[in-house]
Amino acid sequence: MSRQGGMGGEFLPWLIPGFAALNVVIFVPLWLGGTLAALLSGYGWQPPPFTLDAYISLVSGNTGKIWPGMPSYLVYGGAVALVLLGISPAALLVRRVVRRLREPRSLARPSELSAMMGKGIEARARDLRPALKDVAQLSPDDTGNLLGDLMPAGPELRSSYEDVELDLMAPRAGKSTGIAIPRVLRAPGPVLLTSNKSDVFTVTRQERMKVGRVWTFDPQGIAYTEREMWWDMLSGCDTIEGARRLAGHFVSSVNDDSSKKDFWIAAAQNTLTALFLAASRSGSSVNELLAWLADPADRTPVDLLRDVGMTAMADQLQGTVRGAVETRDGIYETARQCVACLLDPEILAWVSPDPDLPEFIPDQHVLGRDTLYLLSKDGGGSAAGVIAGLADAIIRAGVVAAERMGGRLDPPMTAILDEAANVCRISDLPDLYSHLGSRGISVVTLLQSYRQGVRVWGEPGMDALWSAATIKLLGAGLDDADFVDKVARLVGQHDVRTPTYSRSKDGSSRSVSYRQEQVLPADKIRALPKGTALLLATGVRPALIRLRPWYKEANAAAISAAAKAEVQAITDRAAASWSRRESRRVG
Ligand SMILES: Nc1ncnc2c1ncn2[C@@H]1O[C@H](COP(=O)(O)OP(=O)(O)OP(=O)(O)O)[C@@H](O)[C@H]1O
Ligand SMILES: [Mg+2]
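Just so it is clear, the structure is predicted and the values come from calculations on it, not from any experiment. (Residues numbered from 1 in each chain as written. Chains lettered and ligands numbered in written order. Predicted model: local features only at pLDDT ≥ 70, side-chain atom pairs only at ≥ 80, totals over all residues. Heavy atoms only, no water.)

Another point: empty space enclosed by the protein. In this structure the tally under the stated criterion is three cavities of 30 Å³ or more. Of the volumes computed, that of the largest cavity is approximately 40 Å³. Along its surface, the largest cavity is lined by L128, R129, Y161, R408, L409, P412 and G440. Split into classes, the residues belonging to the lining of the largest cavity amount to four nonpolar, one polar and two charged. (1 Å grid on protein atoms, 1.4 Å probe; cavity = no way out; pocket = protein on both sides within 12 Å on 5 of 7 lines; lining within 4 Å. Points joined across faces, edges and corners; volume = space filled by probe spheres on them. Nonpolar A, V, L, I, M, F, W, Y, C, P; charged D, E, K, R; others polar.)

Here you go:
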């Protein structure tokens, strides 16, 4: 597309209207500012006529001709005040327009995201949650999970209660403050939260106590909480499937890539499965199970399995026990490493029956509005296997309850797997993702990077998790070049219009060309500011959102005060624990 003609000739027609506009821009503030100043300073309402004479008087300083007796500085002061008053809203408007123009085109517009806001998300909630049918006015948190505000100026976006979410953000990018804490505070039903820190616990505990019972499973003293509950770890192991799942959680806690199991790991999982099954079916304790593991020649579990009719399982275990001593010992040693955390009596106590304390029962938890905090350290000696086992038990209890309730849990359960790769390695999480949404279990997995997920679930597993997540939030600090490139490709390309001017002896010409450019190039994705995230939702174009950290919300002051009290209580408990240890050491 091109247009020929001299450059000067091109602009000539604009010269006269431009000059006229300039005069209007000067005349209007002087005219209006002077008139208002005259009125306010007691010279009355005397608007001058729109004449050339009046204009010349105003710009030449001869204002006394229009408003006799009134000092000129009042006229010009009025005009300046008027301009200043008008400038701020105008500047705001210009800023908005510039921002809008700078926004990468080909990101989703508010109209495309209507299903995630206002009436759209409300209608979806009414479809998914029969209990809301007769409620005339829904609270926004009953309609869906708050994701954040669409950039640059809103509105707020929510995911529905059948969405399952995967969020990737670097450390300190706002996973806990911008996602985990607001979700716990706003959850309409039961909550399950895993973490390796006490931050979410301290901010949300008091608020959650207002709506239901709060359970804290803290076997490693992350929040220095006294043990006020126990969970029967073996209760779900009365089937081969249940026993195998629990064995899998312990194996995953020591095996970095769950998709790759060497002989020893696979054999240890088989042996643990048989032992968990034997203990559960016979009513034996975890302590007895540890004793069987310590002594591979002990025939008790084989006999117990036979007694309960699990003959094939008993034969298999017997085969392992009777095998070559080196092989048998290798398998048992690997199995012992997997459950090594249970050797710590402090951890063991949380998963062993205690008649003096209430038992945590996953089947009941999923039906109320209670909250369970699952806290564990990461790294060696962590209780990650137990944490994953309990998280999995709750999720499965949720699925079973949903089946009893006609398909979906209502109110939906919120499961937030913060630091999932460190403390909650549920090996088949990618498979669970594909059906948890349809059961009313709103699960969010928070990871620091895609690679971190690959280390736990392997490339195919992480790929499956990524594909199954219907909502993906990618936040600040994603530094993996391959992954960021992949996301940039997913976000797509758009046409960029480039005008070009050229001059020759025949005059000048202007042409416009179009080229394809990435909507969000990799470097922009890498440099996303803290507190913002790229939203990839199924079925709509990507969007940029601003997270809503709890400390910027209206109720932050009250929550912050409660959080401070909670932090103080943890500090006191930590100090008391330290003194007890010191006095033991000295004594
Ligand atoms: N009450 C608060 N007021 C203001 N800023 C805060 C508050 N609490 C945390 N922050 C800041 O918010 C940012 C995000 O912290 P957050 O704990 O959410 O990160 P994260 O992604 O969960 O990190 P990690 O992976 O280390 O857990 C940090 O820079 C932190 O200092
Ligand atoms: Mg965090």
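On to the packing of helix 16 (residues 384–404) against helix 18 (residues 429–436), then. Taken N-terminus to C-terminus, the directions of helix 16 and helix 18 make an angle of 30°; their axes are 12 Å apart at the nearest point. By the angle class used here, helix 16 and helix 18 are roughly parallel. Pair helix 16 / helix 18 crosses with left-handed handedness. Within the contact between the two elements, helix 16 uses D392, I395 and V399 and helix 18 uses L432, H435 and L436. Residue composition of the contact of helix 16 with helix 18, by class: four nonpolar, one polar and one charged. (Axes fitted to C-alpha atoms, helices over the stretch in contact; angles between N-to-C directions. Helix = DSSP H or I, 4+ residues; strand = E, 2+ residues; numbered from the N terminus. Parallel < 35°, antiparallel > 145°, perpendicular 65-115°, else oblique. Left-handed = near helix turned anticlockwise from the far one by under 90°. Contact = heavy atoms within 4.5 Å.)

A few words now on the packing of aromatic side chains. Here the distance between the centres and the angle between the planes together describe a pair of aromatic rings. According to the stated counting rule, one finds 12 aromatic pairs in the structure shown. Consider the rings of F201 and Y373, whose centres lie 5.2 Å apart with planes at 85°: the pair is edge-to-face. One end of the pair, F201, is in helix 7 (residues 199–209); the other, Y373, is in strand 7 (residues 371–375), with 172 residues separating them in the sequence. Residue F201 is classed as buried on the basis of its relative accessible area of 1%. (Phe/Tyr/Trp six-rings, centres within 6.5 Å; stacked < 30°, edge-to-face > 60°. Buried < 20%, exposed > 50% of the residue type's maximum accessible area, 1.4 Å probe, protein only.)

Taken together, 15 residues sit near ligand 1, with R172, K175, S176, T177 and K197 positioned nearest. The backbone of A173 places a nitrogen or oxygen atom 3.2 Å from an oxygen atom of ligand 1. Between an oxygen atom of ligand 1 and a side-chain N or O atom of Q448, the distance comes to 3.4 Å. Protein coverage of the free-state accessible area of ligand 1, which is 640 Å², stands at 69%. Considering every element that reaches the shell around ligand 1, the biggest residue donor is helix 6 (residues 175–186), with three residues. (Near = heavy atom within 4 Å. Polar contact = N/O pair within 3.5 Å; in protein donor to acceptor, adjacent residues only side chain to side chain. Areas by Shrake-Rupley, 256 points an atom, 1.4 Å probe, with all protein chains shown as cover.)

Attention now goes to helix 8 (residues 240–254). Taking 1.5 Å per residue, 15 residues should reach 21 Å; helix 8 reaches 22 Å between its end C-alpha atoms and fits that length. Buried within helix 8 are the following residues: G242, A243, R245, L246, A247, G248, H249, F250, V251 and S252. Next to the buried residues of helix 8 lie helix 9 (263–282), helix 13 (325–338), helix 16 and helix 18. (Expected span 1.5 Å × (residues − 1).)

So, on to the state of the cysteines. Applying the stated criterion across every chain yields a total of zero disulfides. The thiol sulfur of C424 is not disulfide-bonded, and the nearest other cysteine sulfur, from C341, lies at 14 Å. A relative accessible area of 0% places C424 in the buried class. (Disulfide = S-S within 2.5 Å.)

A word on the UniProt feature "transmembrane region" (unreviewed entry) in the protein chain. Using the residue numbers shown here, the UniProt feature "transmembrane region" (unreviewed entry) corresponds to residues 12–32 and 73–94. Structurally, residues 73–94 is divided into 100% helix and 0% strand, and its ends, taken at the C-alpha atoms, are 30 Å apart. (UniProt positions renumbered as here; feature names shortened; annotations may be inferred.)

Our next topic: the side chain of R425. Along the chain, R425 falls in the loop between helix 17 (420–423) and helix 18. One polar contact links the side chain of R425 to the main-chain carbonyl oxygen of S252, over a distance of 3.0 Å. A polar contact of 2.8 Å, which involves the side chain of R425, links it to the backbone oxygen of A421.

With 19 residues, helix 19 (residues 450–468) extends only 14 Å from end C-alpha to end C-alpha; this falls clearly short of the ideal 27 Å at 1.5 Å per step. Roughly 115° is the biggest bend found in helix 19, and it falls at W457, with proline P460 one to four residues downstream. When helix 19 is considered as a whole, its buried residues turn out to be Y450, Q452, G453, V454, V456, W457, G458, G461, M462, L465 and W466. (Bend = angle between axes of the 7 residues up to and from the residue.)

Here we take up the domain arrangement of the protein chain. For the protein chain, the assigned domains are domain 1 (17–102), domain 2 (103–212 + 368–553), domain 3 (236–361) and domain 4 (560–587). One C-alpha centre belongs to domain 2, the other to domain 4, and the line joining them spans 35 Å. Counting residues at the interface gives seven residues for domain 2, matched by six residues for domain 4. For the pairing of domain 2 and domain 4, the buried interface totals around 520 Å² over both sides, and the portion due to carbon and sulfur atoms is 69%. Among the residues of domain 2 in contact with domain 4, T202, Q206 and W550 are the three that bury the most area, contributing 66% of the side total. On the surface where domain 2 and domain 4 come into contact, there are one salt bridge. A salt bridge links E566 to R205; its shortest N-O distance comes to 3.1 Å. Where domain 2 packs against domain 4, one counts two residue pairs in polar contact (both at pLDDT 80 or more). Partitioning the side of domain 2 that touches domain 4 into residue classes produces three nonpolar, three polar and one charged. (Domains from an automatic or database assignment. Buried area = accessible area lost by both parts, 1.4 Å probe. Salt bridge = Lys/Arg side-chain N within 4 Å of Asp/Glu carboxyl O.)

Our next topic: the pairing of strand 13 (residues 532–537). Where a strand is regular, its side chains alternate between the two sheet faces. With six of six residues buried, strand 13 lies mostly within the body of the structure. Residues of strand 13 alternate between two faces, with T532, L534 and L536 on one and A533, L535 and A537 on the opposite face, all of them buried. Pairing analysis gives four bridges linking strand 10 (residues 471–474) to strand 13, with the strands arranged antiparallel. Residue L473 lies in a different strand from strand 13, and its bridge partner there is L535. Relative to strand 14 (residues 543–546), strand 13 runs antiparallel, the two being bridged by four bridges. Residue pairing for strand 14: L535 is matched across the bridge by A543. Joining the antiparallel neighbours strand 13 and strand 14 is a turn of five residues, in which G539 adopts a positive phi near 85°. (Pairing = 2+ DSSP bridges.)

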